[in-house]
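Each chain is listed here by its residues.
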Amino acid sequence: MGIKSRKVAIVGTGLVGSSIGFSLITQGVCEEILMIDINEEKALGEAMDLNHCIEYLDQHTKVKVGKYEDCGDVDAIIITAGPPPKPGKSRLDTLGASAMIMESIITPIMESGFSGHFIIISNPVDIMAYHVWKLSGLPKSHVIGTGTSVDSARLKHFIADLFDVDPRSVQAYSMGEHGDSQMVPWSHVYIGGKPFNKVINDNKHRVGDIDLDKLVSDTAKAGWEVFNRKGTTYYGIATAAVGVLKAIFNDENRIIPVSTLLEGEYGFDGVFAGVPAVLNRNGVKELVEIEMTEEEKVKFDKSVNLIKDYCNTLKY
Ligand code: NAD
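Just so it is clear, the structure is predicted and the values come from calculations on it, not from any experiment.

A word on the UniProt feature "domain: Lactate/malate dehydrogenase C-terminal" (unreviewed entry) in the protein
Logical step 1: The UniProt record marks residues 148-310 with the feature "domain: Lactate/malate dehydrogenase C-terminal" (unreviewed entry), using the residue numbering of this structure.
Logical step 2: Secondary structure content for residues 148-310 is 47% helix and 20% strand, while the C-alpha to C-alpha distance between its ends is 17 Å.

Below you can see the structure in the form of structure tokens.
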């Protein structure tokens, strides 16, 4: 019996796409990567550079330049093609350009016979994940936007920093839009299993009063803070995307906040938004519906309604 190797395609081999390629080969997540870009020379350059790493890594990943017609037997396609946001603009401003790029990509990919998992990163990511789901006709479980996975990592970093603990000992989600309207259900934040409000109360002498609204806004603006200093962001999102892919490939049943289709959950229907989801070899196995306070639900609803309004501008 032949052993099937894990094959990933990265569409868009710019800063985010190439960082994902590097993360995949250094973590040994798959056996083969296809680098696909409208700029074939760029894709080739990245593939060459990645292949030159193999000698000093633990695993041999074959990295090649690919075309959409090669995607038939690919297990997962990570889409990062899209214009990077402009300084001072919102991620939503790239909607029209990104939507057209998705249309040019998804049709040939589906014609190749692809039936694997899509992981969408291109912004505005919640709307692009919805668009790819509509264009591809794949089951909802097979189309995942990275959504608030990276924002949640940033939030955990900020909280962990306040109390000098490892971010992985913090349980916290940023939810809703991967954008300015995202929100944090504080009633579900824990450090080492202890509710966050108790942690704050018990540590007033160390941390004083904590401005929760500022923490949310710092989280939402964290990408821009990086952007303003280095022109864009890529390591954080690349690592989050690879985390999502590993949860799928390794059948982890890991809970990660990702952008996924809501069908009745949280009172919404037919919209992609960042919510905690159980990920395994089937993609999104199920959503985790956490019980929010009234105030939290108002913020969540506002964020998801914003995504929904933009999704409704797309025509099929
Ligand atoms: P980049 O400009 O470095 O790379 C984009 C790549 O896409 C380029 O190589 C370009 O040639 C390619 N491309 C453009 N149109 C294409 C098409 N039709 N077909 C194939 N390839 C095409 O940009 P980047 O910094 O890598 O960002 C890429 C995308 O990722 C943007 O939409 C950005 O907003 C998004 N992003 C998302 C997050 C997130 O958290 N979701 C974080 C960072 C960046």
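Here we look at the layout of surface pockets
Logical step 1: Reported here for the largest pocket is a volume of approximately 820 Å³.
Logical step 2: V16, T80, A81, G82 and P84 are the residues nearest the centre of the largest pocket, which is lined by 41 residues in total.
Logical step 3: Secondary-structure elements contributing two or more residues to the lining of the largest pocket are helix 1 (15-27), strand 2 (32-36), helix 3 (95-111), helix 5 (149-163) and helix 8 (212-230).
Logical step 4: Sorting elements by how many residues they give to the lining of the largest pocket places helix 3 first, with four residues.
Logical step 5: Summarising the domain contributions, the lining of the largest pocket has at least three residues from each of domain 1 (5-143) and domain 2 (147-312).
Logical step 6: Size it by volume and the second largest pocket reaches roughly 570 Å³.
Logical step 7: Forming the boundary of the second largest pocket are 21 residues, of which S149, A153, K156, R254 and I256 lie nearest the centre.
Logical step 8: For the lining of the second largest pocket, the secondary structure elements donating two or more residues are helix 5, helix 9 (235-249) and strand 10 (254-263).
Logical step 9: Broken down by element, the lining of the second largest pocket gets its largest block of residues, six residues, from helix 9.
Logical step 10: A breakdown of the residues in the lining of the second largest pocket according to their chemical character gives 10 nonpolar, seven polar and four charged.

Quick word on the site of the ligand
Logical step 1: If you check the shell around the ligand, you find 25 residues, and the closest are L15, V16, D37, T80 and H178.
Logical step 2: T232 places a polar side-chain atom, nitrogen or oxygen, 3.5 Å from an oxygen atom of the ligand.
Logical step 3: A total of 860 Å² of accessible area belongs to the ligand in isolation, and the protein chains cover 87% of it.
Logical step 4: Structurally, the ligand is housed in the largest pocket.
Logical step 5: Of all elements in the fold, only helix 1 and helix 3 reach the threshold of two or more residues within the shell around the ligand.
Logical step 6: For the shell around the ligand, the class distribution of residues is 12 nonpolar, 12 polar and one charged.
Logical step 7: Residues lining the shell around the ligand come from more than one domain, with at least three contributed by each of domain 1 (5-143) and domain 2 (147-312).

A short note on the sheet that holds strand 8 (residues 190-191)
The pairing of strands in a sheet comes from backbone hydrogen bonds and takes either a parallel or an antiparallel form.
Logical step 1: Across the sheet, which stays open at both edges, the three strands sit in the order 7-8-9 with antiparallel pairing between neighbours. The open sheet has two edge strands, strand 7 (170-171) and strand 9 (194-195), and neither has a second partner.
Logical step 2: Strand direction decides the pairing type here: strand 8 and strand 9, joined by two bridges, are antiparallel. Counterpart to I191 in the pairing with strand 9 is K194.

Thresholds applied
Residues numbered from 1 in each chain as written. Predicted model: local features only at pLDDT ≥ 70, side-chain atom pairs only at ≥ 80, totals over all residues. Heavy atoms only, no water. UniProt positions renumbered as here; feature names shortened; annotations may be inferred. Helix = DSSP H or I, 4+ residues; strand = E, 2+ residues; numbered from the N terminus. 1 Å grid on protein atoms, 1.4 Å probe; cavity = no way out; pocket = protein on both sides within 12 Å on 5 of 7 lines; lining within 4 Å. Points joined across faces, edges and corners; volume = space filled by probe spheres on them. Domains from an automatic or database assignment. Nonpolar A, V, L, I, M, F, W, Y, C, P; charged D, E, K, R; others polar. Near = heavy atom within 4 Å. Polar contact = N/O pair within 3.5 Å; in protein donor to acceptor, adjacent residues only side chain to side chain. Areas by Shrake-Rupley, 256 points an atom, 1.4 Å probe, with all protein chains shown as cover. Sits in = over half its atoms within 2 Å of the grid points. Pairing = 2+ DSSP bridges.

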